[in-house]
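# An overview of the molecular structure
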Amino acid sequence: MEGTPLSDFPSLSDVLYQELRSTVRGDAYRRGDPSFLDYSRMFNGDVKVSAMAVVCPLDAPDVSQVILFCRKHSISASVKAGGYGTAGWAVGGDIIIDLCRITDIDIEPPAPDGSFTSIRDMPLLGSKGKVKAGPSLLDRSAAVASSKRRREDDDELRSYDLASTNVASFLHPLAGGSSTPFADRPPVTRRRLEFAAPVLETPRMSTYSATSGSSHDPSTTSSHSTGPPIAMVSNPLGSNLPSMDSVTTAVTPPPLPDTSSKPLPCSSSLDDPFSYLDDTPNNPAPPVASTSRLAQSMPNALFATPSFLESSTNILTYATPIYSHAFMTFGAGKRQKEIDQFSAANPLEAMSLAGGRGAVPYHIPSAAHPVGSAIMIFGGFGFLGRLHGLSSDNLVEAEVVLANGQIIVVSHNEHPDLWWALRGAGPAFGVVTRYKARAYPVPVVFAGNLIYRFHRATAPSLIKHFRDCVKGAPRELYANILLTAGPAGQDSLVVIQMCYVGPKVKGQEFLQAISSWDGERCLLNEVDEKSFLHQQDSVAQVLRGKAGNKWFIRSALISSLPDDVVNKTVLQFADTPVGCTWLFELAGGALGDFEDNCIPKAQRQASFTVAALHQWDIEFQDPRCVHSAEEWIAETLAPVTLGGPLPSFLGRQESPGRVIACYSENWPRLCEVKKKYDPDNFFRNSFWPLNAEGEIIEPEEHEPQHIQF
């Protein structure tokens, strides 16, 4: 959008604009309206938006009307549900359908028989209807949001430094110091530029213990947990709270030894095409008010904000969640961070070993922040993925608007062919306006970063050590290793991230094994117990991802990580531009439990998912930012690659072959479902690499233009 004058593209005519506005209850903005820019802006700045107007429908009937309007006038449409996709499909249509106003959200425990309230029986935002599970917990703020408020919300969601104040201090050192974590030697890997930045002062997370429940079994229908107790928050003043049965006793194990190496400041500021690395930590987002009666009933508003785990009045003890899972319903306008904030602010009741009552938050398995709601129908792998499966694996129902404007509810029992295709290839088949998904109790995780200096001589040894440590790891352990840019003025980094969803004592075993590598000094080890909400910010915190940059992503699934691939990877990364991050994520676990959707079994059996995540300033031009990612994925990793990547990792300019390879043997069946539900390819502004005649088309024909290098 940047660098492309608005006058270069047409706006919607007065007649069509008035017709569109009279058709929907939500707002519509034509090109030229200041709000048009706010609602058509993508996280990737390297997207030219040619749309004539953007519409913000309030519900599925509104979306249906927009689709019928577009069909009547032979106008193309695209669907925006967060705006994080790097290819820009969301803004490729003549009319952009921005789902940001569909923000209903509700969490309910399962019924005794394991069932849930269907989406069709739940009230829409602002309605006065009743549901079987009781009144909905609705977020009404976005329904009346202005474009200014939308910008403010976006800024708040892009604050990631609560993931770890130690990492924030490391990546954004104070000015005025005399040394850095790398002071013992000059940069030898690549040139970096120094900067000065203030550091947020945030209270340090307290240390406490947890024990894990049983792992997920997709064949199990029972709604009640039978696993061992796990940590939860118990009311410290139970005798003053009528709904609490008893007071429980806190269990405080000894804290981990402090193995961190706190960085010292660096100074000065120079012009740099990668100036996004110089950004100071963002101000933390304001607390999300809890709508949970259980949370609100506790003294000192213990659960009223997602930061309740840091409260000095908080007492944690061993307890068992009452439910092995819950069901969360949310509108497509909710972004994952907003959903996680809601989860943290609206815990469900749990039972302590002493018989008292407390509460624990339930979270949907999802990719780390920032992602939009479409992750639910496009794969979605994150910290809970090895334990509970992909985001799309945990979808149980969806409200969908089809290409002909029909509104249907899709589930295992309704439209089973579309249900199979929707979970993994959803954007090509319809507009999902509301989701219902399983959420799982995650009171606390033992998680964090181990940060090392990147050196081409020692990095291969560290990567191989990591690979060997996580081989055969239990499902409760998520782990990745990434090569990324370091603090300004310094070398690049090797960062190991782990997240153990279980008892601290077990997590410490993996931490001890991983941290035993002694090839380089560990610059920072801040692994500790954290809220899952804050852990979800950890990848974005390390990447320092910035909206409006040019973004380029390539990904693959690999069967193994042999030594020669590791060695070549390190040598190639050493010659990449500064804005590049290469990631290896441990896969496996529960991913292989699900075979009833379009993501094939072969991809689910991968050992690692890998990704090149590249970003650079909008005006900077360096073909290596793209070519280095292409070469690594297409050549270095080719001997161990399994088909295509997870669909959620598809980026811009993907070849049709790579897209089709995401679905492998399931592709012919997908094409049959596409012919049934979208025969004229109305949803062409998506990843789908075929035209209405079923012929292969190149990326330029179904994604927006990009700024040329």
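That block above? That's the structure.
To keep things clear, this report deals only with the structure shown in the data block. On a predicted model such as this, the values are computed, not experimentally measured, just so you know. Each chain has its residues counted from 1, running along the sequence as written. The model is predicted, so local features are restricted to residues of pLDDT at least 70 and side-chain atom pairs to those at 80 or more, both for listing and for counting; the totals for chains, interfaces and linings are taken over all residues. The basis for every side-chain value is the complete set of non-hydrogen atoms in the structure, without hydrogens or water.

### Points about the pattern of salt bridges
The term salt bridge refers to a pairing of a side-chain nitrogen on Lys or Arg with a carboxyl oxygen on Asp or Glu at a separation within 4 Å. In the structure shown here, the tally under the stated rule is 31 salt bridges. For Asp596, the salt bridge goes to Arg423, with nearest N and O atoms at 3.6 Å. With Asp596 in the loop between strand S21 (580-586) and helix H15 (601-604) and Arg423 in helix H9 (residues 416-425), this residue pair connects regions lying 173 residues apart in the sequence. Connected via shared salt-bridge partners are Arg554, Glu630, Glu654 and Arg658. Secondary structure follows DSSP: runs of H or I at least 4 residues long count as helices, runs of E at least 2 residues long count as strands, and numbering of each begins at the N terminus.

### Topic: the nonpolar core
As used here, the term nonpolar core means buried Ala, Val, Leu, Ile, Met, Phe, Trp, Tyr and Cys residues forming a set that is joined through side-chain atoms within 4.5 Å. Relative accessibility decides the category of a residue: with a 1.4 Å probe and only protein chains considered, values under 20% of the type maximum give buried, values over 50% give exposed, and everything between is partly exposed. Grouped together as the largest cluster of nonpolar side chains are 79 residues, with contacts concentrated most on Ile95, Phe429, Tyr663, Leu670, Phe687 and Trp688. Contacts between residues were defined by any pair of non-hydrogen atoms, one from each residue, lying within 4.5 Å. Those residues in contact with Tyr663, other than ones at most four positions away along the chain, are Phe378, Gly424, Ala425, Cys598, Pro600, Gln603, Pro647, Leu670 and Phe687. Core analysis: the second largest hydrophobic core is formed by 48 residues, Ile463, Ile481, Val610 and Val626 among them.

### Overview of the environment of Arg423
Judged by relative accessible area, Arg423 falls into the buried class, the value being 3%. Separated by 28 residues in the primary sequence, Arg423 and Leu395 place their C-alpha atoms 7.6 Å from one another. Ignoring sequence-local partners within four residues, the contact set of Arg423 consists of Ile377, Ser392, Leu395, Asp596, Asn597, Cys598 and Ile599. Nitrogen and oxygen atoms within 3.5 Å of one another constitute a polar contact, given that in protein one can donate a hydrogen and the other can accept it, and given that sequence-neighbouring residues count only through two side-chain atoms. A polar contact is formed between the side chain of Arg423 and the backbone oxygen of Asp596, at a distance of 2.7 Å.

### Regarding the environment of Ser40
Along the chain, the position of Ser40 falls in helix H2 (residues 34-40). Under the relative-accessibility criterion, Ser40 is labelled buried at 0%. Separated by 2.7 Å, the side chain of Ser40 and the backbone oxygen of Phe36 make a polar contact.

### Observations regarding the sheet that holds strand S3 (residues 77-80)
One open sheet holds the 4 strands; their spatial order is S1-S2-S4-S3, and the pairing between them is mixed. A strand with exactly one partner marks an edge of an open sheet, and here the two such strands are strand S1 (27-30) and S3. Direction aside, the axes of adjacent strands within the sheet are offset by 20° on average. Whether two strands pair comes down to DSSP finding at least two bridges between them. Bridging between strand S2 (residues 53-56) and strand S4 (residues 95-98) involves 3 bridges; their strand directions are parallel. Bridging across to S4, Val55 finds its partner in Ile97. Throughout, an axis means a line fitted to C-alpha atoms (over the contacting stretch in the case of helices), and angles, computed between N-to-C directions, take values from 0 to 180 degrees.

### Section: the environment of Ala344
Tracing the backbone through its elements, the reader meets Ala344 in helix H7 (residues 336-345). Take Ala344: its relative accessible area is 3%, and that puts it in the buried class. Put simply, Ala344 and His534 are 190 residues apart on the chain and 9.9 Å apart in space, counted from C-alpha to C-alpha.

### Things to note about the packing of H9 against helix H18 (residues 667-677)
Between H9 and H18, the shortest axis-to-axis distance is 10 Å and the interhelical angle comes to 110°. Overall, the two elements H9 and H18 adopt an arrangement that is roughly perpendicular. As for the relative orientation of H9 and H18, their crossing is left-handed in sense. Where H9 approaches H18, its residues Asp417, Leu418, Trp420, Ala421 and Ala425 are matched on the opposing element by Arg669, Leu670, Val673, Lys676 and Tyr677. In terms of residue class, the contact of H9 with H18 is made up of 7 nonpolar, no polar and 3 charged. When an angle is under 35 degrees it counts as roughly parallel; over 145 it counts as roughly antiparallel; between 65 and 115 it counts as roughly perpendicular; any other value is oblique. For a crossing to be left-handed, the near helix must be turned anticlockwise from the far one by less than a right angle; the clockwise case is right-handed. Under the scheme applied here, ten amino acids are nonpolar (Ala, Val, Leu, Ile, Met, Phe, Trp, Tyr, Cys and Pro), four are charged (Asp, Glu, Lys and Arg), and all others, including Gly, are polar.

### Concerning helix H16 (residues 624-636)
Over its 13 residues, H16 extends only 16 Å from the first C-alpha to the last, a length that falls short of the 18 Å expected when each residue adds 1.5 Å. The set of residues buried in H16 consists of Cys625, Val626, Ser628, Ala629, Trp632, Ile633 and Thr636. Summarising the contacts, the buried residues of H16 are in contact with strand S20 (550-558), helix H14 (563-573), S21, strand S22 (608-616) and helix H17 (656-661). To estimate the expected span of a helix, count its residues, drop one, and scale the result by 1.5 Å.

### Examining H14
What sets the pattern is the α-helix's 3.6 residues per turn: residues three or four places apart point alike. Listed as buried for H14 are Val565, Val566, Thr569, Val570, Gln572 and Phe573. Seen from one end, H14 has its buried residues packed into an arc of 165°, which puts them on one side. Taken together, the buried residues of H14 touch helix H10 (459-470), strand S16 (477-484), S21 and H16. Directions from the helix axis toward the C-beta atoms define the arc.

### Overview of the side chain of Glu108
Relative to the elements of secondary structure, Glu108 occurs in strand S5 (residues 105-108). Using a relative accessible area of 5% as the deciding quantity, one classes Glu108 as buried. Among the polar contacts made by the side chain of Glu108, one reaches the side chain of Thr117 at a distance of 3.1 Å. Engagement of the side chain of Glu108 in a polar contact is seen with the side chain of Lys436, the distance being 2.8 Å.

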